[in-house]
Amino acid sequence: MEFKILDGRTEFFQWDLKQKLILEGFNNVEQVHFDDGYHENAFVAETYRTNDKVLVDVPSDALTTGGSIKVYAYDIDSTNGD
């Protein structure tokens, strides 16, 4: 199971907008949680399918702090993070 940035980059930068992640190898994923370590609660985004890929829009607010972000996929069978 792996998260990849849709445009092929390996990292985001502070204030990136309209970013998307591809979720490879995840089954039954409904939500992705983004924890930037600064806000009390993680940002939650719903997944969707496009061209046989599972995608999620990265909440722009999660990219405002400039620090590391932990990403967790909520799978019906388990929770996985990266």
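Residues numbered from 1 in each chain as written. Predicted model: local features only at pLDDT ≥ 70, side-chain atom pairs only at ≥ 80, totals over all residues. Heavy atoms only, no water.

Participant: Even after reading the chapter, I still don't get the side chain of D16, so can you show me in this structure?
Facilitator: One can find D16 in the loop between β1 (2-5) and β2 (20-24). Side chain to side chain, D16 and R9 meet in a polar contact 3.1 Å long. Among the polar contacts listed, one links the side chain of D16 to the backbone nitrogen of F13, at a separation of 2.8 Å. Ignoring anything within four residues of it in the chain, the contact list for D16 reads R9, S60 and L63. (Helix = DSSP H or I, 4+ residues; strand = E, 2+ residues; numbered from the N terminus. Polar contact = N/O pair within 3.5 Å; in protein donor to acceptor, adjacent residues only side chain to side chain. Contact = heavy atoms within 4.5 Å.)

Participant: How should unusual backbone geometry be read in this particular structure?
Facilitator: The backbone of K18 shows a phi angle near 55°, a positive value even though the residue is not glycine. Structurally, the position occupied by K18 is in the loop between β1 and β2. For N51, which is not glycine, the phi torsion reads 50° and is therefore positive. Checked against the element boundaries, N51 lands in the loop between β4 (43-50) and β5 (53-57). For N51, a relative accessible area of 69% gives the class exposed. (Buried < 20%, exposed > 50% of the residue type's maximum accessible area, 1.4 Å probe, protein only.)

Participant: Teacher, can you tell me more about the nonpolar core here?
Facilitator: Nonpolar side chains in soluble globular proteins tend to end up buried together. Ranked by size, the top nonpolar core spans 17 residues in total, and within it F3, L21, L23, V32, F34 and V56 carry the most contacts. Elements with a contribution of two residues or more to this core: β1, β2, β3 (29-35), β4, β5 and β6 (70-75). When residues of this core are assigned to their parent elements, the largest contribution, three residues, is made by β3. Filtering out sequence-adjacent residues up to four positions away, F34 remains in contact with L21, A42, F43, A45, V56, D57, V58, P59, A62, I69, K70 and V71. (Core = buried A, V, L, I, M, F, W, Y, C linked by side-chain atoms within 4.5 Å.)

Participant: Help me out: how do you make sense of the confidence of the model for the protein in this one?
Facilitator: Low pLDDT means the predicted atomic positions in that stretch should not be read closely. The predicted model of the protein has a mean per-residue pLDDT of 88, with 90% of residues at 70 or higher. Taken element by element, the predicted model of the protein shows its lowest mean pLDDT in strand β7 (residues 79-81) (55) and its highest in β2 (95). (pLDDT = per-residue confidence, 0-100.)

Participant: How do you make sense of the pairing of β3 when you look at a structure like this?
Facilitator: Moving residue by residue along a regular strand, the side chains alternate between the two faces of the sheet. Here β3 pairs with β6 via six bridges, running antiparallel. Across the sheet, the residue bridging to D35 is K70, located in β6. (Pairing = 2+ DSSP bridges.)

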